[in-house]
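# Coordinate inspection notes
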Amino acid sequence: MKKTIYIFSSGELSRKDNTIYFENDEGRRFYSGGRHRRNNLVFGELDFNKKIAIRISFFSKRDYVAFF
């Protein structure tokens, strides 16, 4: 079953061994493989590189949406 990931804080998104990792000031949290996720919705600042290779939607204070 595909799930949606909501990220409300700023941090860094990385990938290792087909697992998506999110790290912020509070510590590291990880999520299962990216292909098992339907949507990744980000409401904060995010650092990532091209190895992520997943769909990410960014939202700003003015409801701007950018898809990568």
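To start, this report covers the structure provided alongside it.

What follows is about the environment of Asn39. The residue Asn39 is located in strand β5 (residues 37–42) in this model. Taking the C-alpha atoms as reference points, Asn39 and Ile5, separated by 34 residues in sequence, lie 6.3 Å from one another. Filtering out sequence-adjacent residues up to four positions away, Asn39 remains in contact with Lys3, Thr4, Ile5 and Arg55.

Here the focus is the pattern of salt bridges. Taken as a whole, this structure holds one salt bridge when the rule is applied. Glu26 is paired through a salt bridge with Arg29; the nearest N and O atoms lie 2.9 Å apart. Under the relative-accessibility criterion, Glu26 is labelled exposed at 69%.

For the coordinates displayed, the defined rule picks out four aromatic pairs. A centroid spacing of 4.8 Å and a plane angle of 10 degrees characterise the contact between Phe43 and Phe59, whose relative ring orientation is stacked. You can see Phe43 sitting in the loop between β5 and β6 (46–47) and its partner Phe59 sitting in strand β7 (residues 57–59), a full 16 residues away along the chain. Overall, the relative accessible area of 29% leaves Phe59 in the partly exposed class. Linked through ring pairs, Tyr6, Phe8, Phe43 and Phe59 together constitute an aromatic cluster.

What counts and what doesn't
- Residues numbered from 1 in each chain as written.
- Predicted model: local features only at pLDDT ≥ 70, side-chain atom pairs only at ≥ 80, totals over all residues.
- Heavy atoms only, no water.
- Helix = DSSP H or I, 4+ residues; strand = E, 2+ residues; numbered from the N terminus.
- Contact = heavy atoms within 4.5 Å.
- Salt bridge = Lys/Arg side-chain N within 4 Å of Asp/Glu carboxyl O.
- Buried < 20%, exposed > 50% of the residue type's maximum accessible area, 1.4 Å probe, protein only.
- Phe/Tyr/Trp six-rings, centres within 6.5 Å; stacked < 30°, edge-to-face > 60°.

Function-wise, these values are silent; they only describe arrangement.
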